[in-house]
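Chain residues, written in single-letter form:
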Amino acid sequence: MEAMWLLCVAAAVVAWGFLWVWDSSERVKSREQGERLGAESRTLLAIAHPDDEAMFFAPTVLGLARLRHWVYLLCFSAGNYYNQGETRKKELLQSCDVLGIPLSSVMIIDNRISGPGAVADACNPNTLGGQGGWITRSGVRDQPGQHGETPDFPDDPGVQWDTEHVASVLLQHIEVNGINLVVTFDAGGVSGHSNHIALYAAVRALHSEGKLPKGCSVLTLQSVNVLRKYISLLDLPLSRLHTQDVLFVLNSKEVAQAKRAMSCHRSQLLWFRRLYILFSRYMRINSLSFL
């Protein structure tokens, strides 16, 4: 019994020491990332569904906040696969508020909503750029002819989004907001979801065709295998070893903030997602690569 007690104490001391070194190293790492990414940039996070920003990108969003980046968020769907679109849009805004993304900088594409009852966005009308079905906290702009039609970007892993259309919307948002850094998924989409991969295909096309504005860079979130995905902070040594460009690791306070953001997505908190919050490295670690 005494031996077990001593073992627990020793484990606690080792864990405390590891966390202290971790927090200290991340302060140093933040300075290194600042030199590479530049401080006070205008960054666009492009996601496919509400909850992507917290489930996958929280370390990046909070890491960019350390560098005083102004973060914009463009979500390509309302997450209406189970007819929960209205709820999920509200949850996304709550999550962004927790993560420190200004609500005036959040744009959600929702082509389901149109017609006489739709109103133009009063908060940031310039970002609409004449496109319809785009919603922020303050309203929706109408898109004529969309009554009852299939959305442009449905939340559906079985539907392939049109790469050219996604790229056009992305480029418009980049140009209107003076974006100089775009962050999105890589070719694996983290979870393999086709909507995630569609965002990568679009930004890759813009990059390879030279259509991005001068000085605009692209960072993609690295997908890892299932084992690494669910070993939480134990993946840190491998992440440090394999990350080529940018690595964000949250300190203990930021991890709690990321969990609060994910908890805003109450409609999605099924038992397996609660386990995800506990064990996924993406709640604590983001490794990213430049295109």
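The preceding data block contains the structure.
Residues numbered from 1 in each chain as written. Predicted model: local features only at pLDDT ≥ 70, side-chain atom pairs only at ≥ 80, totals over all residues. Heavy atoms only, no water.

1. Considerations on unusual backbone geometry
The cut-off we apply is this: Numbering of helices and strands runs from the N terminus, with a helix taken as a DSSP run of H or I at least four residues long and a strand as a DSSP run of E at least two residues long. Throughout this description, buried means an accessible area under 20% of the type-specific maximum (1.4 Å probe, protein chains only), exposed means over 50%, and partly exposed covers the range between.
The phi torsion at asparagine 83 lies on the positive side, around 55°, for a residue other than glycine. Summarising the element assignment, asparagine 83 is placed in the loop between β2 (70-75) and α4 (85-99). Residue asparagine 83 is classed as exposed on the basis of its relative accessible area, which comes to 67%. Located in the positive-phi region is valine 190, a residue other than glycine, with phi close to 65°. For valine 190, the location among the structural elements is in the loop between β6 (181-185) and α6 (194-208). With a relative accessible area of 7%, valine 190 lands in the buried category.

2. What to know about the layout of surface pockets
The line we're drawing: Definitions used throughout: a 1 Å grid over protein atoms alone; a cavity as a set of points that fits a 1.4 Å probe which cannot get out; a pocket as an open set with protein on both sides within 12 Å along at least five of seven lines; a lining residue as one with an atom within 4 Å of a point. Grid points are joined across faces, edges and corners, and a volume is the space filled by probe spheres set on the points. Gly falls in the polar group here, along with every residue not listed as nonpolar (Ala, Val, Leu, Ile, Met, Phe, Trp, Tyr, Cys, Pro) or charged (Asp, Glu, Lys, Arg).
Estimated volume of the largest pocket: approximately 520 Å³. Around the largest pocket sit 22 residues that line it, and Asp51, Met55, His193, Gln268 and Arg273 are the ones nearest its centre. Per-element accounting of the lining of the largest pocket gives the leading share, three residues, to helix α10 (residues 271-279). For the lining of the largest pocket, the per-class residue count stands at nine nonpolar, seven polar and six charged.

3. Thoughts on the packing of aromatic side chains
This is how the line gets drawn: For Phe, Tyr and Trp, rings pair up if their centres lie within 6.5 Å, where Trp contributes its six-membered ring, and each pair is then called stacked (planes under 30 degrees apart), edge-to-face (over 60) or tilted (otherwise). Placement of a charge over a ring requires the Lys NZ or Arg CZ to be within 6 Å of the ring centre, with the centre-to-atom vector within 35 degrees of the ring normal.
Scanning all chains against the criterion turns up ten aromatic pairs. Look at phenylalanine 76 and phenylalanine 153: their rings are 5.2 Å apart centre to centre, the planes differ by 75°, and that puts the pair in the edge-to-face class. Note that phenylalanine 76 is positioned in the loop between β2 and α4 and phenylalanine 153 in the loop between β5 (139-140) and α5 (163-177), a separation of 77 residues in sequence. Comparing phenylalanine 76 with phenylalanine 153 shows no difference in burial state: the two are buried. Ring geometry for tryptophan 271 and phenylalanine 272: centres 5.7 Å apart, planes at 90°, overall edge-to-face. In this structure tryptophan 271 comes out as exposed when scored by relative accessible area, which is 62%. Among the aromatic side chains, those forming a connected cluster through ring pairs are Phe56, Phe57, Phe185, Tyr230, Tyr276 and Tyr282. Taking NZ or CZ as reference, arginine 281 lies 4.9 Å from the ring centre of tyrosine 282, over its face.

4. Focus: the nonpolar core
Our working rule: In plain words, nonpolar cores are sets of buried Ala, Val, Leu, Ile, Met, Phe, Trp, Tyr and Cys residues tied together by side-chain atoms within 4.5 Å. By definition, residues are in contact when any of their heavy atoms lie within 4.5 Å.
Counting 68 residues, the largest nonpolar core has Leu73, Phe76 and Leu170 as the members making the most contacts within it. Top contributing element to this core by residue count: α5, with six residues. Those residues in contact with leucine 73, other than ones at most four positions away along the chain, are Leu44, Leu45, Ile47, Glu53, Leu92, Cys96, Ile101, Ser105, Val106 and Met107. Counting five residues, the second largest nonpolar core, distinct from the first, contains Leu233, Leu236, Leu247 and Ile285.

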